[in-house]
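Chain by chain, the residues run as shown.
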Amino acid sequence: MKDTDQEVKYEKSSIQGTAAALQEEMEGFMDQAVRLAKKAYLNGDTPIGCVIVKDGQILSKAYNQRNKKKNTLGHAEIMAIDKASKRIGDWRLENCTLYVTLEPCQMCAGAILQARIPRVVIGCMNPKAGCAGSVINLLDMKAFNHRVDVVTGIREEICSSLMRDFFKNLREGKGFSLK
Ligand SMILES: [Zn+2]
């Protein structure tokens, strides 16, 4: 084998190693968001959880409390953005990654843009109301001066099964307990 082939091989395996590490990191933070989504579930709120991460550390956590607080602004992402801004003393959440179990709505996608968050990682999509690619993609519009890198499908099955269970319980009038 020529030296150059060997170099190419090393390079490839290090890229694959980096990709695997990134995937693992994203799944780890999404697991935290799922834990928060379960808190919403137990309160009878749509199970959506969110964490904002900066420099590999969780800056803020929140879960959907719209029903509990009887407030439209009680979405997980809005509250996580609020907490993160208070924590760092800046409305700009540059160099942050927002993890959310369900594709953001138009209000939260708007807040993500306004906060200049550069990267969003999504668990499962929301075909009927999502604004990060389903109904519209507010996070990636040429006309806006800020655009967001979006990663989808991280822990998708667990995020979507939480939603399915929740709405099944709601329809059947069962309580909101987790198996
Ligand atoms: Zn929202």
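Residues numbered from 1 in each chain as written. Predicted model: local features only at pLDDT ≥ 70, side-chain atom pairs only at ≥ 80, totals over all residues.

Within the protein one finds 5 helices and 5 strands. Expressed as lengths along the three principal axes of its C-alpha atoms, the size of the protein is roughly 70 × 40 × 30 Å. The buried share among the 179 residues of the protein stands at 35%. Pairs at least 24 apart in sequence give 58% of the contacts found in the protein among residues at least 6 apart. (Helix = DSSP H or I, 4+ residues; strand = E, 2+ residues; numbered from the N terminus. Buried ≥ 20, exposed ≤ 12 C-beta atoms within 10 Å, placed from the backbone. Contact = placed C-beta atoms within 7 Å.)

This part covers the packing of helix H3 (residues 76–88) against helix H4 (residues 106–114). Running from N to C, H3 and H4 point in directions that differ by 25°, and their axes come no closer than 8 Å. In terms of axis orientation, H3 runs roughly parallel to H4. Crossing angle aside, the handedness with which H3 passes H4 is left-handed. Contact residues: Glu77, Ile78 and Ile81 in H3; Met107, Cys108, Ala111 and Ile112 in H4. Its residues assigned to classes, the contact of H3 with H4 comprises 6 nonpolar, no polar and 1 charged. (Axes fitted to C-alpha atoms, helices over the stretch in contact; angles between N-to-C directions. Parallel < 35°, antiparallel > 145°, perpendicular 65-115°, else oblique. Left-handed = near helix turned anticlockwise from the far one by under 90°. Nonpolar A, V, L, I, M, F, W, Y, C, P; charged D, E, K, R; others polar.)

This next bit is on the sheet that holds strand S3 (residues 96–102). On the basis of which strands lie adjacent, the open sheet formed by 5 strands has the order S2-S1-S3-S4-S5 and mixed pairing. Looking at which strands have only one partner, the edges of the open sheet turn out to be strand S2 (57–63) and strand S5 (149–151). Adjacent strand axes in the sheet meet at a mean angle of 20°, parallel and antiparallel pairs treated alike. Summarising the sheet, strand S1 (residues 49–54) and S3 pair through 5 bridges and their orientation is antiparallel. Across the sheet, the residue bridging to cysteine 50 is valine 100, located in S3. Along the sheet, H3 makes contact with S1, S2 and S3, crossing S2 at roughly 140°. Across the sheet, helix H5 (residues 156–172) is in contact with S3 and strand S4 (119–124); its angle to S4 comes to roughly 60°. (Pairing = 2+ DSSP bridges.)

Turning our eyes to something else, we now look at the pairing of S1. Here S1 lies mainly inside the structure; 5 of its 6 residues are buried. Pairing of S1 with S2, which is carried by 6 bridges, proceeds in the antiparallel orientation. Among the inter-strand pairings, glycine 49 is bridged to a residue of S2, identified as tyrosine 63.

Turning next to unusual backbone geometry. Phi is positive for lysine 70, close to 50°, though the residue is something other than glycine. The exposed category is assigned to lysine 70, around which 8 C-beta atoms lie within 10 Å. Phi is positive for arginine 155, close to 55°, though the residue is something other than glycine. Within the secondary structure, arginine 155 sits in the loop between S5 and H5.

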